[in-house]
Amino acid sequence: EAASPGRVRTPIVMLSANLLGLGLILWRGEWVDRAATLALVAVVAATSVLQLLNAPGLMVWVAVLDVLLFFTLWALAERGERWWIVALAGFQFIAVVAYLAPFFAWKRLEWAVISVNWAVWALDSLCVFFGVWEASYARRFARERADGARMDAGSRARSAASME
């Protein structure tokens, strides 16, 4: 069965939004922002390719990609001091947990999982644009030394001051 036009068009629109966010992050972000966005775009692109190829075991491969993305984002959130990556990892965790739903209700929740994953994908895309905003302000605060960056972070950008 060939993919319907709506099923193909939506990933392309979402991938385009992610690529726009990636371009902005490359321009304004630091390494952690760039790594998180590159991981997200890579998973979105791989998922889109799997859908276009109508790969056998599609849901299993997408689940594996989502689990890998979650652990990647979690590791980046631990090191990156960026709230948008923490939110991104949280949304990705929702997507990973949603894959367990069919085990509890067999086939009845399969479309619910797909719907949850689409919603998470949209939230992930919005997080990237929030990341651009956060990275821009972190750079500004570091430049102006307005957030206490000299106190505990040296000269690198920070998302917020801390009292360490």
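Bear in mind that the values here come from a model prediction, so they are computed numbers and not experimental data.

Draft legend 1. Molecular detail of the nonpolar core. With 33 residues, the main nonpolar core has A36, L40, L69, L73, W84, I85 and L88 as its most contacted residues. When contributions to this core are tallied by element, the ones reaching two or more residues are α1 (5–28), α2 (31–53), α3 (58–80), α4 (83–98) and α6 (110–144). With residues up to four places along the chain from it excluded, the contact list for L69 reads A39, L40, V43 and Q92.

Draft legend 2. Here's a closer look at the environment of R79. Checked against the element boundaries, R79 lands in helix α3. Put simply, R79 and V32 are 47 residues apart on the chain and 8.0 Å apart in space, counted from C-alpha to C-alpha.

Draft legend 3. Highlighting the packing of aromatic side chains. Under the criterion given, the structure shown has 7 aromatic pairs. An aromatic cluster is defined as three or more aromatic residues linked by ring pairs; in this entry it consists of F70, F71, W74 and F93. The cationic tip of R28 hangs over the ring face of W27; the distance from NZ or CZ to the ring centre is 4.9 Å.

Draft legend 4. How the structure looks around α4. Given a rise of 1.5 Å per residue, 16 residues ought to cover 22 Å, and the 23 Å separating the end C-alpha atoms of α4 matches this to within 8%. Among the residues of α4, those classed as buried are W84, I85, L88, A89, Q92, A95, V96 and A98.

Draft legend 5. Broad picture of the side chain of D33. Considering the arrangement of structural elements, one finds D33 in helix α2. D33 has contacts with I25, R82, W84, I85 and A135, leaving out every residue within four places of it along the chain.

Draft legend 6. Broad picture of α2. End to end, α2 covers 32 Å across 23 residues, agreeing with the expected 33 Å (1.5 Å per residue, within 8%). Downstream of α2 by one or two residues, N54 has phi in the positive range, about 50°.

Draft legend 7. Spotlight on the packing of α2 against α3. Here α2 crosses α3 at 180°, and the two axes come no closer than 10 Å. By the angle between their directions, the pair α2 and α3 is classed as roughly antiparallel. Contact residues: α2 offers W31, V32, A35, A36, A39, L40, V43, A46, T47, L50 and Q51, while α3 offers L58, W61, V62, L65, D66, L69, T72, L73, L76 and G80. Per-class residue counts for the contact of α2 with α3 are 16 nonpolar, 4 polar and 1 charged.

Draft legend 8. Representation of unusual backbone geometry in the model. One non-glycine residue with positive phi stands out, namely E81, at about 55°. Structurally, the position occupied by E81 is in the loop between α3 and α4. Accessibility expressed as a relative area gives 33% for E81, which makes it partly exposed.

Draft legend 9. Up close: the packing of α3 against α4. Running from amino to carboxyl end, α3 crosses α4 at an angle of 155°, the nearest separation of the two axes being 9 Å. Between α3 and α4, the angle falls in the class roughly antiparallel. Considering the relative orientation of α3 and α4, their crossing is left-handed. Along its contact with α3, which presents D66, V67, L69, F70, L73, W74, L76 and A77, the element α4 presents I85, V86, L88, A89, Q92, F93, A95 and V96. The residue inventory of the contact of α3 with α4, partitioned by class, reads 14 nonpolar, 1 polar and 1 charged.

Parameters at a glance
Residues numbered from 1 in each chain as written. Predicted model: local features only at pLDDT ≥ 70, side-chain atom pairs only at ≥ 80, totals over all residues. Heavy atoms only, no water. Core = buried A, V, L, I, M, F, W, Y, C linked by side-chain atoms within 4.5 Å. Buried < 20%, exposed > 50% of the residue type's maximum accessible area, 1.4 Å probe, protein only. Helix = DSSP H or I, 4+ residues; strand = E, 2+ residues; numbered from the N terminus. Contact = heavy atoms within 4.5 Å. Phe/Tyr/Trp six-rings, centres within 6.5 Å; stacked < 30°, edge-to-face > 60°. Lys NZ or Arg CZ within 6 Å of the ring centre and 35° of its normal. Expected span 1.5 Å × (residues − 1). Axes fitted to C-alpha atoms, helices over the stretch in contact; angles between N-to-C directions. Parallel < 35°, antiparallel > 145°, perpendicular 65-115°, else oblique. Nonpolar A, V, L, I, M, F, W, Y, C, P; charged D, E, K, R; others polar. Left-handed = near helix turned anticlockwise from the far one by under 90°.

Keep in mind these numbers describe shape, not what the thing actually does.
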